[in-house]
Amino acid sequence: MVLYIPLPLDTPIRSSVSDLISLRSDGNAILATFIVPHDKTKALRVHFHASYVMRMCDEHVLNLQDLPITRQGLIGEHFLYQVEGADFLLHQPAIKDSYRGAKHFRCVTGSTCLDVVADDPPTVMLVSRDSAN
């Protein structure tokens with residue numbers, strides 16, 4: 001079973017119509033910026049201060065993974081989750097053995113999803129869309 005644990009956001013967004021604007025990493029920290037569909041002047045900045053591994057993939061790819069496993073905890077239009085039991089972290093034995101506190105986090109949009117393995121959840125904040133790049 002794959003368990004999705006929704007992480008709260010101060011500004012909920014309709015994730016199905018959001019998308020990734022920009023993604024930057026220095027090999028450790030990750031700074032991802034996403035569209036806020038109901039506000040063309042704002043963007044949602046997601047900052048992982050330290051990470052071990054990340055991937056970007058299409059939302060449709062995620063639907064084909066972890067089969068035939070049951071998914072629990074998904075909420076329609078929710079954007080940010082901690083994920084337990086998914087293939088992404090399970091297939092990272094070196095990370096799991098070396099960093100016992102590592103957790104899998106997922107940002108879900110209607111097209112581009114971001115998976116990150118890190119010790120701590122990200123800092124999420126609204127920013128001006130002009131500063132998103």
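Residues numbered from 1 in each chain as written. Predicted model: local features only at pLDDT ≥ 70, side-chain atom pairs only at ≥ 80, totals over all residues. Heavy atoms only, no water.

Trainee: Any chance you could explain the sheet that holds strand β1 (residues 2–6) here in plain terms?
Mentor: The strands making up a sheet associate through hydrogen bonds between their backbones, and the pairing can be parallel or antiparallel. Here we have six strands laid out as an open sheet, ordered β5-β9-β8-β7-β1-β6, and mixed in their pairing. Two strands close off the open sheet at either side, each with one partner strand: β5 (53–58) and β6 (71–72). (Pairing = 2+ DSSP bridges. Helix = DSSP H or I, 4+ residues; strand = E, 2+ residues; numbered from the N terminus.)

Trainee: Honestly, unusual backbone geometry in this entry has me stumped. Any pointers?
Mentor: Note: most peptide bonds trans; most residues except glycine with negative phi. Although it is not a glycine, Glu77 adopts a positive phi angle of roughly 70°. Within the fold, Glu77 resides in the loop between β6 and β7 (80–84).

Trainee: Looking at this model, I keep getting lost on the sheet that holds strand β10 (residues 123–128). Mind explaining?
Mentor: Strand order in the open sheet made by the four strands is β2-β3-β4-β10, with antiparallel pairing throughout. Looking along the sheet, the strands with just one partner apiece sit at the ends: β2 (20–25) and β10. With direction set aside, neighbouring strand axes in the sheet form an average angle of 20°. As paired elements, β2 and strand β3 (residues 30–35) share five bridges and run antiparallel to each other. Note that in β3 the partner of Leu20 across the bridge is Phe34. (Axes fitted to C-alpha atoms, helices over the stretch in contact; angles between N-to-C directions.)

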